[in-house]
Amino acid sequence: MMDMTVMTYLLYLLIAVPLTIWVARTLSRYGRVFLVDVFHGNEDIAEAVNRLLVVGFYLLNLGFVTLFLRSGTPVESASGIFEQLSVKLGIVMLVLGVVHLTNVWIFNKIRNRSKLDTLTRPPVPPNDMVQGPAFAGGQPPMWPIEHA
């Protein structure tokens with residue numbers, strides 16, 4: 001019969017690794033639209049950043065899953081397996097969530113800053129013209145600036 005601790009390790013890996021892969025694929029698929037917006041419609045940059053984020057996500061989370069594999073105490077019963085798995089998988093899911101929310105927060109900051117930059121730029125460059133006083137019937141006339 002297989003040792004209960006080894007059984008716990010196997011079950012943990014059989015759940016945590018596919019869970020990490022599913023989360024990464026889901027974030028990649030649905031996060032792409034957000035990244036295209038962050039990078040002002042530049043789909044090539046958005047796709048490259050999306051792939052780099054997925055690789056980083058895998059490295060970080062699978063590294064954590066692997067490091068978190070070891071159990072401090074031996075598992076001696078079926079209920080012990082469930083207790084160990086609930087703690088380990090719960091922590092893995094919390095870490096996945098924190099990493100995801102951190103990424104969203106960072107890219108939202110980049111997106112907001114980028115939108116703020118576009119709002120502070122004038123729509124057209126100045127052209128040595130000043131607006132005259134308003135008059136009835138629409139747009140005020142434009143007069144050239146006299147250079148002294």
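Residues numbered from 1 in each chain as written. Predicted model: local features only at pLDDT ≥ 70, side-chain atom pairs only at ≥ 80, totals over all residues. Heavy atoms only, no water.

Counting all residues, the mean pLDDT for the protein chain is 82, and 76% of those residues have values of 70 or more. Taking the mean pLDDT of every element in the protein chain, the minimum, 55, falls on strand S1 (residues 129–131) and the maximum, 92, on helix H2 (residues 43–67). (pLDDT = per-residue confidence, 0-100. Helix = DSSP H or I, 4+ residues; strand = E, 2+ residues; numbered from the N terminus.)

Moving on to the side chain of threonine 8. By the element assignment, threonine 8 lies in helix H1 (residues 4–38). In this structure threonine 8 comes out as buried when scored by relative accessible area, which is 2%. There is a polar contact of 2.8 Å between the side chain of threonine 8 and the backbone oxygen of methionine 4. Contacts of threonine 8, omitting those with residues within four sequence positions, involve Val75, Ile81, Gln84 and Leu85. (Buried < 20%, exposed > 50% of the residue type's maximum accessible area, 1.4 Å probe, protein only. Polar contact = N/O pair within 3.5 Å; in protein donor to acceptor, adjacent residues only side chain to side chain. Contact = heavy atoms within 4.5 Å.)

With that out of the way, let us pick up the pattern of salt bridges. Side-chain pairing between opposite charges can occur once the charged atoms of the two side chains come close. Within this structure, the stated rule accounts for 3 salt bridges. A salt bridge links arginine 32 to glutamate 43; the shortest N-O distance between them is 3.3 Å. Residue arginine 32 is located in helix H1, and its partner glutamate 43 is located in helix H2; the two are separated by 11 residues in the primary sequence. On the basis of relative accessibility, which here comes to 27%, the residue arginine 32 falls in the partly exposed class. Of the charged contacts, one joins arginine 32 and glutamate 47 as a salt bridge, the two residues approaching to 2.9 Å between their closest N and O atoms. In this pair, arginine 32 sits in helix H1 while glutamate 47 sits in helix H2, placing the two residues 15 residues apart along the sequence. Classification of glutamate 47 as partly exposed rests on a relative accessible area of 25%. Here the salt bridges do not stand alone but share partners, grouping Arg32, Glu43, Glu47 and Arg51 into one network. (Salt bridge = Lys/Arg side-chain N within 4 Å of Asp/Glu carboxyl O.)

So, about the nonpolar core. Grouped together as the largest cluster of nonpolar side chains are 15 residues, with contacts concentrated most on Tyr12, Phe57 and Leu96. At the level of elements, H1, H2 and helix H3 (78–120) are the ones that each hand at least two residues to this core. If near-sequence neighbours (up to four positions away) are discounted, phenylalanine 57 is found in contact with Thr20, Val23, Ala24, Leu27, Leu62, Leu96 and Val99. (Core = buried A, V, L, I, M, F, W, Y, C linked by side-chain atoms within 4.5 Å.)

Let us look at H1. Taking 1.5 Å per residue, 35 residues should reach 51 Å; H1 reaches 48 Å between its end C-alpha atoms and fits that length. Of all the bends in H1, the largest measures some 45 degrees and sits at glycine 31. (Expected span 1.5 Å × (residues − 1). Bend = angle between axes of the 7 residues up to and from the residue.)

Within the chain, histidine 40 stands out as a residue other than glycine whose phi angle is a positive 55 degrees. Tracing the chain through its elements places histidine 40 in the loop between H1 and H2. Judged by relative accessible area, histidine 40 falls into the exposed class, the value being 56%.

For H2, built from 25 residues, the straight-helix expectation of 36 Å at 1.5 Å per residue is met to within 8% by its first-to-last C-alpha distance of 36 Å. What H2 keeps buried is the set Ala46, Val49, Asn50, Val54, Phe57, Asn61 and Val65. Of the residues flanking the start of H2, the one acting as N-cap is asparagine 42, its side-chain oxygen 3.3 Å from the backbone nitrogen of aspartate 44.

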